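Residue-level structural notes
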Amino acid sequence: KRPKDNAYDLICVDLYCHDQSPTFIKELVWLGEINRILADSGRVIFNQLAYGKHYLNAREYLDKLRAIFYIAEVNIVPSRLSASNMLIVCSKNGY
């Protein structure tokens, strides 16, 4: 196990190749590991595609994140290329 002094204050998760992401990012075990290495007052930001068919996937991912994290903020970031991203800011316990 990682000692507490090696916890991270900020983790950014942006794992896409074009419009595909690896399946492991949706696994509760992997999300639990992200939570484990996050400092008690830290934040993790998850980037999800939020346009067309991806919007529903992003909403489902948001529900999955709620099982592990406190959701501090959700922002839809529009793009001039008509694609949008959903940035989900999470913490361990609402700090």
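As a reminder, the structure under discussion sits directly above these lines.
Bear in mind that the values here come from a model prediction, so they are computed numbers and not experimental data.

What counts as what
Residues numbered from 1 in each chain as written. Predicted model: local features only at pLDDT ≥ 70, side-chain atom pairs only at ≥ 80, totals over all residues. Heavy atoms only, no water. Helix = DSSP H or I, 4+ residues; strand = E, 2+ residues; numbered from the N terminus. Rg over C-alpha atoms; globule rule 2.2 N^0.38 Å. Buried < 20%, exposed > 50% of the residue type's maximum accessible area, 1.4 Å probe, protein only. Contact = heavy atoms within 4.5 Å. Areas by Shrake-Rupley, 256 points an atom, 1.4 Å probe, with all protein chains shown as cover. Pairing = 2+ DSSP bridges. Axes fitted to C-alpha atoms, helices over the stretch in contact; angles between N-to-C directions. Parallel < 35°, antiparallel > 145°, perpendicular 65-115°, else oblique. Left-handed = near helix turned anticlockwise from the far one by under 90°. Right-handed = clockwise from strand over helix to strand, strands pointing away.

What about the overall build of the protein?
Along the backbone of the protein there are two helices and four strands. Over its C-alpha atoms the protein spans a radius of gyration of 14 Å, differing by no more than 12% from the 12 Å that the globule rule assigns to 95 residues. With the C-alpha coordinates of the protein rotated into their principal frame, the extents come out at 40 × 25 × 20 Å. Across the 95 residues of the protein, 32% fall into the buried class. Long-range pairs, those at least 24 residues apart, make up 64% of the contacts in the protein between residues at least 6 apart in sequence. For the protein, the accessible area works out to roughly 6,100 Å², and carbon and sulfur atoms hold 53% of it.

Notes on the sheet that holds strand 3 (residues 70–78)
Spatially, 1-2-4-3 is the arrangement adopted by the four strands of the open sheet, whose pairing is mixed. If you trace the sheet from one side to the other, it starts and ends with strand 1 (8–13) and strand 3, each paired once. Averaged over all neighbouring strand pairs, the angle between strand axes comes to 15 degrees, with direction disregarded. Pairing of strand 1 with strand 2 (residues 38–49), which is carried by five bridges, proceeds in the parallel orientation. Bridge pairing in strand 2 links Val13 to Phe46. Sitting on the sheet, helix 1 (residues 28–37) is in contact with strand 1 and strand 2, with an inclination near 140 degrees to strand 2. Against the sheet, helix 2 (residues 53–66) touches strand 2, strand 3 and strand 4 (84–91), its axis set at about 165 degrees to strand 2.

A look at the packing of helix 1 against helix 2
It is at 10 Å that the axes of helix 1 and helix 2 come closest, and there the two elements cross at 60 degrees. Compared by their axis directions, helix 1 and helix 2 come out oblique. For the pair helix 1 and helix 2, the sense of crossing is right-handed. Facing helix 1, whose interface residues are Leu28, Trp30 and Leu31, helix 2 presents Tyr61, Lys64 and Leu65.

Notes on the pairing of strand 2
As for the winding sense of the linkage, the β-α-β connection from strand 1 through helix 1 to strand 2 is right-handed. For strand 2 and strand 4, the ladder comprises six bridges, and the chain directions are antiparallel. Bridge assignment links Val44 to a residue of strand 4, and that residue is Cys90.

Focus: the side chain of Ser91
On the secondary structure map, Ser91 appears in strand 4. Those residues in contact with Ser91 that sit more than four places away from it in its chain are Leu38, Gly42, Arg43, Phe69 and Tyr70.

Thoughts on the side chain of His54
Its place among the elements puts His54 in helix 2. Beyond its immediate stretch of four places on either side in the chain, His54 contacts Asp19 and Leu49.

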